[in-house]
Structures are given as C-alpha cells and as structure tokens.
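A look at the structure
What follows is each chain in one-letter form.
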Amino acid sequence: MKTFEIRLPYSVLETDTCFSQEKPDWTELEKWVIRAKKIGVNAVVVPVLWKIVEGEGKASNDSNHYIQYDWTYYRSLLETLASNELHMVIEFNFHMINNYEQSFLCTLPDWLWGKLMSDHDEIKYLSQLKYVNKSGGSTQDAVSLWADHYVMPYYEELVLSFKNNFKDLSQHITKFVISTTQNGELSYPINECSFPRRNMQCYSPLALDDWDNYVREKYKDYASASKKWGVEIKDKEELIAYFKENDVLQSRKYNDSAFGNDVSTWYNKCLTTHGNRTLHILQSAFSDHGFEESKLCLRLPIAYAEKNLKNMSSQTEVGAGIIAVNNDTDHKTAYYNSMDAIGEGITPSRLGFIVPTKSRNEYKSESSFAEKAKSILSYGMHHEVSFYFENESIEGLNSHVIWDNAATWLLKSDQINGLMINNLKVMFDKMATGSTRLQELIHKVKFHDDYVEKKQKSFRVMGPLHVKTHNAKRLLEERDWQTVSKQLDRMRDIGVSAVSIDIWWGLVEGRQSGNFDWSYYDSMVKLIESKGLNWVPILSFHQAGGNVNDDFLQMIPLWVWGKIVEENPHLESIQDLQYVSETGDVSVEYVSLWADTFVMPYYERFMKAFKQRYKKYAWMTDEINISLGPAGELRYPSYNSHDWGDYPNRGTLQCYSRLAKEDFQRYILNAYGSIDYINEVWQTKYEGPEEIPMPNADELFKNNNYSTSRYGLDFFNWYNQSLANHGNKIIRKAVEIFDGDFKDVPVGFKMPGIHWLISDPNQPRVAEITAGLIAPYPNIGAVDRGEYKDMLKKIIDRDFKERVVLHFTCLEKMNKDWEGYSRAEDLVMWFSNSAKELDIQVMGENALYHELYAQSGWDQIEKALTRANTSYTGITILRMQNLFSDNNFAIEKYAELINRLR
C-alpha cells in the first residue's frame, strides 16, 4: 500500500516556542492535521532536532546516559498528533538545519564540540572532527563520519532515550528516519554554488589516517600501491602528499585511473559504512515494544545526478560519495553496490530509501534525473526494500505539472511505496492547489482508477519573440534573461505546462546559407528545462515584426532570395519568389507558396539541423510547430501592413507574381481540359492558356462576383487549393523528418481566426476568402456549411492525422456584428465542429492580449474549452509577458482557469 506523509514545518519547532511555552498552543497545528487526515494523509513526519532535546548539555543523573534529555515539548506534540489518530514518522536530525524557505536555523548543540575535545585528549583541533576540503575550509553542519567513534554514542543514546520515553506511542509510529549529514541526505557536504567544481571533504587528519589504513589494508605495503598507480610512494607522508596534490574529481581521474578508482571507492565505502551504522542504531533500538514492524530509512542524494557535466557523467555523485564508478562499473551497478552496503545486516522488509528531488523538474517522467531514478528504483524489483519520493522544496506544490508527473510515477511504478511532502503548513495554510491535488492523487491511488490515461487539457504560453524585447535598448543583457526566468517561475507555479518559442530561421541561419547559430536557443531551452517546463519550438520560416503588437524585427535570411534566383536560371527576378498583391505591393515576410519547389530544400535542411541539435530535448518537447505563412499562420498575407493595413478590410489578393499566374493558368487548363471548353464556360475568346489573366480585384468583388460568377468560383477554388497544398506538403515533410527521437512528438501548425466581415451583408466572409482559408460558393453567408471541414480535409491526410495538432486563434473574442461584422465566437465554434467531425485535435489561442484584461475574454476562452463536444484540447496564451501587469488580473484569471479545467 502506498503511503502519503506530510512533514511538519519547522515553525512548529521554533526555539522561542519550544522554551517559552510550558503548554504549547496546538490550535493551528490541529487545523492542519484535521485537514490532512480528512483528505487521506497517512502520517505526519516529525523532525526531532538534537539541540532541542539536548540543548543545555547537562549531565544525566543516570550513569548509563551521557546527557540529560528534555522530551517535554515532543511529548506534547506527539500526543497531540496521536489524539488525532494520525500515524507518525520520526526523523532524527543530527546535523544543522538551515532552511532558507522557512527562515529556520538550528545548529548542533552548543556544548558538543567542546565536550568531544575535553573527553578525548587526542583531539587537539576542531578540524579533526569536521569535514575539511582541499583548501582547508570546513563546515560545522555535522560531525565528520571519520569521527563516528567519538560521536556515535551520542546518537545511540538519544535514539534509545526516545524509545524509552515514547514506548506508549509505538502503535502510532510507522517509520524512523535518521540523518547525520548535511541536508539530511547520506552525502558529504557539497557546495552547490561552486558547480561544476566539486571539492572532496576528506582532508581532515582523521580522514587522511583512514585513507592510509585503507591503502595499507588493500595493498599491504606502499610499494604495491605505487606499482598499481604508476607513481613512487615510499611512506605515509608521501602517500598523503600525493593524495593532496591529485584531485580525482578533475579530468575523470575517478573513472579512468587506478588511483582515482581507489580514492572514489574508499570515499564511497566510508559514506556507505557510516549510513549502515546509523541504520543499525535504529534497528537495534526499535526491535521490540511494538516498534518491530516500523520502517528504517535514510535519504539517497540521487538528485545530484542532474548536475553532472556532459563529459563527466558521474562527477557530482562521486563527489557526494554516494557512488564509486569506473570503466567496469556503470552508474546503475554503482548505486546497487552502495545500496547493498548501506543495507547490509538490516532486515530487508524494514529498509527504506527516501529519494529527494532537488530541481524544478520534480518527478518529471523523462528528465535526466528521472532516467537515473528509474534505474535505481529497479533495485526494488530484486530486493525487498521500499522507496519513497520527497519534494525538497515547497515551490512545486502549487504546480499542476508536477502533481501530474507525481501521479504518473506513483500509479505506474510498483517500486515507489509512497510520497513524503514538504510541508504541512504550506500545504494547508496557503496553497489550495497543493491540498486539492494531493487529495485527488490519494483518491486515484487508493481506488486505482484511470487517472493517468485521462486526457488532460494543455495550458501553455507563448514566449517572447526574443528575450531582448524586454530591454528598451533592444540589446540582449543578463537582466533580460532574469526577467524571463522569473516569469517562467510564475508560469510553472500557476500550472502552465509548456512554453512556445519561435525558432527564427533568419536568426539561426541568417548570416550564411548552411551556417547555423543555435546559441540563443541553447540558452532558452536550458532555461525552460531548469524550470521544469516543456517547450513547443515553432520553426518560424516567417519574418518577426510587421504584425499587431510585434515588438521585435527579424527578417527571414536575406540571402535566400538571391541564392534561389541564382541557382534557378528560369527565375526572372526575386519578385518571382514573393507574394505580389493586387495593389502591386510585395511581401517579404514569407517565401511565396508558388515558390515551394525552390525553397523546400532549405526548409528541410533547417528542420533536420534542428532535429540533430535538439534531439536530446525530445523528452520535454510537447510539440513541434511549423510556420506555414506570415505570422506563422497558414494564410496569405492579405491583411498585413505592407498593403492596406486598415482594420477591418476585405484583404488584398496575393497572387500577382509570375509564378502564381502561370500556376493559375495550368490549374484552369487541367480543370477544363482545353481552352475551348474554358471559353465556352467563361464566355471568353482566349486563344491559349497564357492569355488567361489574373482577376481585376475590384471587378471580382463587385456585386459578389467572387461567389456567383463561374470565373470567380474557379479562381478562388485554385487560390484556396494552392494554400491547402502548401500546408499539406510542408506538414507531410515535417512528419517524415521528425522521426527517431521525435517520433512520438506531435507536429502542429496554426490557422488564424479571421473573424471580421463574416456577417457583412454586402460581402459576407470576404476576409477569410482573400486570406485563402475558405472557398466561396453561391449564397455564402454567416452560417457554417462545413467550409473549414473541407479545408482541413485538403491539408491533413489520414495517414498522418494522428500526429497533427492544429492551432486556432481568437478564442477570447465574442460576436460583435456592430464592430466590423465580427462573428468570432461563431467562428471558433464552427472550426471546433469541423475538427471534431474529422477527429483532429485543436489547441486554442487568443488573437490579441487586450481582452485578457477583461472578464469577458476569459469567459469566452472557458466557453470554447468546455463546450459540449469541443475539439479544443487546451489553450496557448499569447504572450507570456502580456500576463504580467501592475494589477495581476490576467495572470490570476489564467491561474483560476487552469485550476478549474486542468
């Protein structure tokens, strides 16, 4: 049975509370405990702090004990918990507690260091009792394990004292945890600020003496050791000198040299032996009086597995002492060896390992930490031991992503026996999200329902066009990354699961054809990964800038125009490659779809280069989105600023380039079979297809000719089909390219919600038609007749439909016939209905940010996501920075939406 345990906050153990109140007031605590019990929590973790119990260091009247213990406060606390019929996990902490999140500091007993020195004449310096690094620095967080024979009796006496004082509560105590090293984990002290440099902590006189004993025991004499290592060592003095001069954590010596193997093996053996001793203290004490079935646990510091350098894959774990690796011992085997040593002589059914998760990737099922955790958990398949996951920080308790991942671990892994949560106060005093999700998780685990397989709504944000847009000078600076970092923290906290990032073609390959600079995106993906978020890269083959609210300008590679013309002699000019509108204006935002044949090899090369560069991040890639037109949308640039630019307008036709005209002529000839038949149907007198003209736009739209004349219908069928073919071609190629590591990653694209002029009585739906999204027909109007269903069938073939995610905009808008004849809400519903009929999944998106600051905008989004038979599987908010303002209205509304609909 999987257990759920919540740790008491250190505020319950505040020193002033402990010593100033003879009868502590547990009213607030009992409120938390009652709520915990109500939602199904099994036990409360109670930290027993050495200084609180033996703080004064008075000599005991009992000759069998060193120190006088004061259990008064803990007696009151444990009886309060027992009276509420909750089990308890007792955690003995023989190290300093310095918890920044809870602003709590509790040192070791003040008398300890002096008493150890006074009782043992051979101890001349405090450094003999401490962990000492190569530079001579030491820490007072805990007594060094090389001083175990001095300090271990104090550990044993305190544990026995607890047993003798609380035998009457044994039926309430299910588990004991012992912590004697920094952070409560079985690890040498590690200064995380120094990453990637890791200092070993074994330069105290006692440690060096132990190293000398290890060498002489293994090799019998210094000469044998010298021969093995390939050095000249005659005595202990030379051995210690060589040890100090050769840091085995550097340059893979711990893995690749005989000397390094010996040092790391000894270092690991010292730590695992120490861990085994502490567990034996628990087993010896708690083997009768009703404690016989209680679990005996300590923490494994496997979270350090995430922090290794790529070319030194186990450096931090070797530095922490938890494993010893070499060319013959891989990471998994090394952990197995350590767990065997730690558990030696401990009843297997009682042994438990707590797995703390230190990063913002807590529980993420495909992170580097998770991959190593899985291999370690497999130890439980062959040994009768228990594993418990524990969040190291409180920041993840408000994250839906982390709770979802925790559920996946707990429900899918038989080797995980429970969850330990920090902490009770935060869970029930502030974070409604955390307590709600914990209750839900307990229920799902208890009743084994289909929680993991249930399709969840996705809640994403679109990242900045470029990080430097945060800077008025448009220069990329460290503070801009810090701004984005803080925003990502907030996004994760409210339950956002992924961030969309434009991968600008012009930024990566803008300097020279085939020369890719990914440095900006390397930094971005690492930042997103560090936040425990997924990403959605948008391969942006379009220009940044020129659209509504754009605050960044990035052209597509300027070399592409000239290079394609140069490589293809039958092209007359650059204008052949561009969208040319009815006004004669030219768009440079995106290569014209009638030039796909020429530009497609460059798209393919870019996709393959991206795949190669970021395949190691496939595990955190929610989707790969492909830009199919201006603003990344599958459409013509009919209403962009290079043309009319006034909203709302019908839009301009974009098909007046030479290649477009030739394609239209071929299309019509193929459709009718001969010029004579064309003339008969159109009532014209063309002598050859080359005489077929592009339309006069004004005439085409006069008197609704675009939807009533044969020419108009033929023209727009071609115009619409050309756009659909373009989308189909590129999406198919993307699906083909993104195989291998990315084979399970969806491929997405976006279509815009062109909601204006839909109900225009004179020219209904004309803006959608000029953008190429739908084809007109007689009596077209402001009703749904499956126009988008027809379009989607042209774009998305059955053989890759399951892989495709479609994005559609303007979910925040409502119908406003009085404002540009807008029917945005209707359009959102029509699109959903069409996708539903075709069984295509759709992600929604807001068109602009303004209505994020009105309740109506969020109401519309919620309506779209929750409507019966909706095809919308989630929402991407455009853009992340638009959620941040002085009044926090938008971000609070998004958080509320996520809490309701996740």
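Residues numbered from 1 in each chain as written. Predicted model: local features only at pLDDT ≥ 70, side-chain atom pairs only at ≥ 80, totals over all residues. Heavy atoms only, no water.

Some thoughts on the overall build of the protein chain
Across its full length, the protein chain carries 32 helices and 24 strands. Principal-axis analysis of the C-alpha atoms places the extent of the protein chain at approximately 120 × 65 × 50 Å. A total of 902 residues make up the protein chain; the buried ones form 60% of that total. Residue pairs in contact within the protein chain that sit at least 24 positions apart in sequence constitute 77% of those at least 6 positions apart. A total accessible area of about 36,000 Å² is found for the protein chain, and carbon and sulfur atoms account for 46% of it. Here the protein chain contributes 100 positive and 124 negative side-chain charges, whose respective centroids are spaced 1 Å apart. (Helix = DSSP H or I, 4+ residues; strand = E, 2+ residues; numbered from the N terminus. Buried < 20%, exposed > 50% of the residue type's maximum accessible area, 1.4 Å probe, protein only. Contact = heavy atoms within 4.5 Å. Areas by Shrake-Rupley, 256 points an atom, 1.4 Å probe, with all protein chains shown as cover. Lys, Arg positive; Asp, Glu negative; His and termini not counted. Charge placed at Lys NZ, Arg CZ, Asp CG, Glu CD.)

Comments concerning empty space enclosed by the protein
Across all of its chains, the model carries four cavities of 30 Å³ or more by this definition. Each pocket or cavity is described by its volume, and for the second largest cavity that value is around 60 Å³. Ile178, Ser179, Thr180, Thr181, Gly184, Glu185, Leu186, Gly275, Thr278 and Leu298 together form the lining of the second largest cavity. When residues of the lining of the second largest cavity are traced back to their parent elements, those giving at least two are strand 8 (173–179) and helix 11 (258–285). For the lining of the second largest cavity, the per-class residue count stands at three nonpolar, six polar and one charged. (1 Å grid on protein atoms, 1.4 Å probe; cavity = no way out; pocket = protein on both sides within 12 Å on 5 of 7 lines; lining within 4 Å. Points joined across faces, edges and corners; volume = space filled by probe spheres on them. Nonpolar A, V, L, I, M, F, W, Y, C, P; charged D, E, K, R; others polar.)

Brief notes about the nonpolar core
What tends to happen in soluble globular proteins is that the nonpolar side chains get buried as a cluster. Ranked by internal contacts, the top residues of the largest apolar core, which has 145 residues, are Ile626, Phe715, Met751 and Tyr894. Among the elements that take part in this core, helix 27 (residues 710–737) stands out by supplying twelve residues, more than any other. Beyond its immediate chain neighbours, meaning those up to four positions away, Met751 contacts Leu634, Leu773, Tyr788, Met791, Leu792, Ile795, Leu806, His807, Phe808, Thr809 and Phe831. With 141 residues, the next largest nonpolar core counts Trp32, Leu78, Ile178 and Leu208 among its residues. (Core = buried A, V, L, I, M, F, W, Y, C linked by side-chain atoms within 4.5 Å.)

Some words on helix 32 (residues 889–901)
Here helix 32 spans 18 Å end to end across 13 residues, near enough to the 18 Å set by a 1.5 Å rise per residue. When we look at burial in helix 32, the residues that qualify are Ala890, Ile891, Lys893, Tyr894, Ala895, Leu897, Ile898 and Leu901. Buried positions along helix 32 lie against helix 15 (400–412), strand 13 (458–462), helix 18 (478–494), helix 31 (855–866) and strand 24 (872–877). (Expected span 1.5 Å × (residues − 1).)

Examining the pairing of strand 15 (residues 534–540)
Across a regular strand the side chains alternate sides, sitting on one face of the sheet and then on the other. Of all seven residues in strand 15, seven are buried; the element is thus mostly enclosed. The pairing of strand 14 (residues 498–504) with strand 15 spans seven bridges and is parallel. Bridge pairing links Ile503 to Leu539 in strand 15. Bridge count for strand 15 against strand 18 (residues 624–626) is two bridges, and the pairing is parallel. Note on strand 18: the bridge partner recorded for Leu539 is Ile626. (Pairing = 2+ DSSP bridges.)

Things to note about the packing of helix 23 (residues 658–672) against helix 24 (residues 675–682)
Direction vectors running N to C along helix 23 and helix 24 enclose 90 degrees, while the axes themselves pass 8 Å from each other. Between helix 23 and helix 24, the interaxial angle falls into the category roughly perpendicular. Where helix 23 approaches helix 24, its residues Phe664, Ile668, Leu669 and Tyr672 are matched on the opposing element by Ile675, Tyr677, Ile678, Val681 and Trp682. Of the residues that constitute the contact of helix 23 with helix 24, the class distribution is nine nonpolar, no polar and no charged. (Axes fitted to C-alpha atoms, helices over the stretch in contact; angles between N-to-C directions. Parallel < 35°, antiparallel > 145°, perpendicular 65-115°, else oblique.)

Considerations on the packing of aromatic side chains
Tallied over the full model, the rule gives 86 aromatic pairs. Taking 6.4 Å as the distance between ring centres and 75 degrees as the angle between the ring planes, the aromatic pair formed by Phe162 and Phe286 counts as edge-to-face. With Phe162 in helix 6 (residues 148–165) and Phe286 in the loop between helix 11 and strand 9 (295–299), the pair connects residues that are 124 residues apart, well separated along the chain. Sitting over the face of the ring of Tyr388, Lys175 holds its NZ or CZ atom 3.3 Å from the ring centroid. (Phe/Tyr/Trp six-rings, centres within 6.5 Å; stacked < 30°, edge-to-face > 60°. Lys NZ or Arg CZ within 6 Å of the ring centre and 35° of its normal.)

Let's talk about the packing of helix 29 (residues 787–795) against helix 30 (residues 824–838)
Interhelical geometry of helix 29 versus helix 30 gives an angle of 45 degrees and a closest axis separation of 8 Å. Relative to helix 30, the element helix 29 lies oblique. Crossing of helix 29 against helix 30: the hand is right-handed. For the pair helix 29 and helix 30, the contacting residues are Tyr788, Lys789, Leu792 and Lys793 in the first and Leu827, Phe831, Ser834, Ala835, Glu837 and Leu838 in the second. Here the contact of helix 29 with helix 30 is composed, by residue class, of six nonpolar, one polar and three charged. (Left-handed = near helix turned anticlockwise from the far one by under 90°.)

A closer look at the environment of Pro301
Inspection of the secondary structure puts Pro301 in the loop between strand 9 and helix 12 (315–320). Of the residues examined, Pro301 reaches a relative accessible area of 1% and is grouped as buried. Each C-alpha atom, one on Pro301 and one on Pro189, is 11 Å from the other, the two residues being 112 residues apart in sequence. Beyond its immediate stretch of four places on either side in the chain, Pro301 contacts Glu185, Leu186, Ser187, Ile322 and Tyr335.

Points about the state of the cysteines
Following the criterion strictly, the structure yields zero disulfides and no others. Residue Cys202 stays outside any disulfide, its sulfur separated by 8.4 Å from that of Cys270, the closest cysteine. (Disulfide = S-S within 2.5 Å.)

Observations concerning the pattern of salt bridges
Under the counting rule described, the total for this entry stands at 53 salt bridges. When the shortest N-O distance is used, the salt bridge between Arg492 and Asp493 registers 3.2 Å. Asp826 serves as the salt-bridge partner of Arg823, at 3.4 Å between the closest nitrogen and oxygen. What makes Asp826 buried here is its relative accessible area of 17%. Each of Arg7, Glu91, Arg299 and Glu390 takes part in one network of salt bridges that share partners. (Salt bridge = Lys/Arg side-chain N within 4 Å of Asp/Glu carboxyl O.)

Things to note about the sheet that holds strand 23 (residues 841–845)
Reading around the circumference, 13-14-15-18-19-20-23-24 is the order of the eight strands in this closed barrel, with parallel pairing throughout. On average, each strand axis in the sheet is inclined to that of its neighbour by 30 degrees, with strand direction left out of account. Bridge analysis of strand 23 against strand 24 gives four bridges, and the strand direction is parallel. Pairing of Gly844 across the sheet is with Ile875, part of strand 24. Across the face of the sheet, helix 22 (residues 596–614) comes into contact with strand 14, strand 15 and strand 18 while running at roughly 155 degrees to strand 15.

Examining the side chain of Thr652
Structurally, the position occupied by Thr652 is in the loop between strand 18 and helix 23. We classify Thr652 as buried; its relative accessible area is 0%. At 2.8 Å, the side chain of Thr652 and the side chain of Gln654 are in polar contact. (Polar contact = N/O pair within 3.5 Å; in protein donor to acceptor, adjacent residues only side chain to side chain.)

Considering the confidence of the model for the protein chain
On average, the protein chain scores 90 in pLDDT, and the residues at 70 or more come to 92%. Overall, residues 17–21 carries pLDDT values under 50, and its contacts beyond four positions in sequence, including any with other chains, amount to six contacts. Taken together, the stretch residues 359–363 has pLDDT below 50 and engages in 30 contacts with residues farther than four places along the chain or on a different chain. (pLDDT = per-residue confidence, 0-100.)

Brief notes about unusual backbone geometry
In this model, Asn422 is joined to Asn423 through a cis peptide bond whose omega is -10 degrees. Looking at the secondary structure, you find Asn423 in the loop between strand 12 (416–422) and helix 16 (424–429). A cis amide bond links Leu878 with the next residue in sequence, Arg879, at an omega value of -15 degrees. In this structure, Arg879 sits in the loop between strand 24 and helix 32. Unusually for a residue other than glycine, Lys220 sits at a positive phi of about 75 degrees. Looking at the element boundaries, Lys220 is found in the loop between helix 7 (205–219) and helix 8 (222–229).

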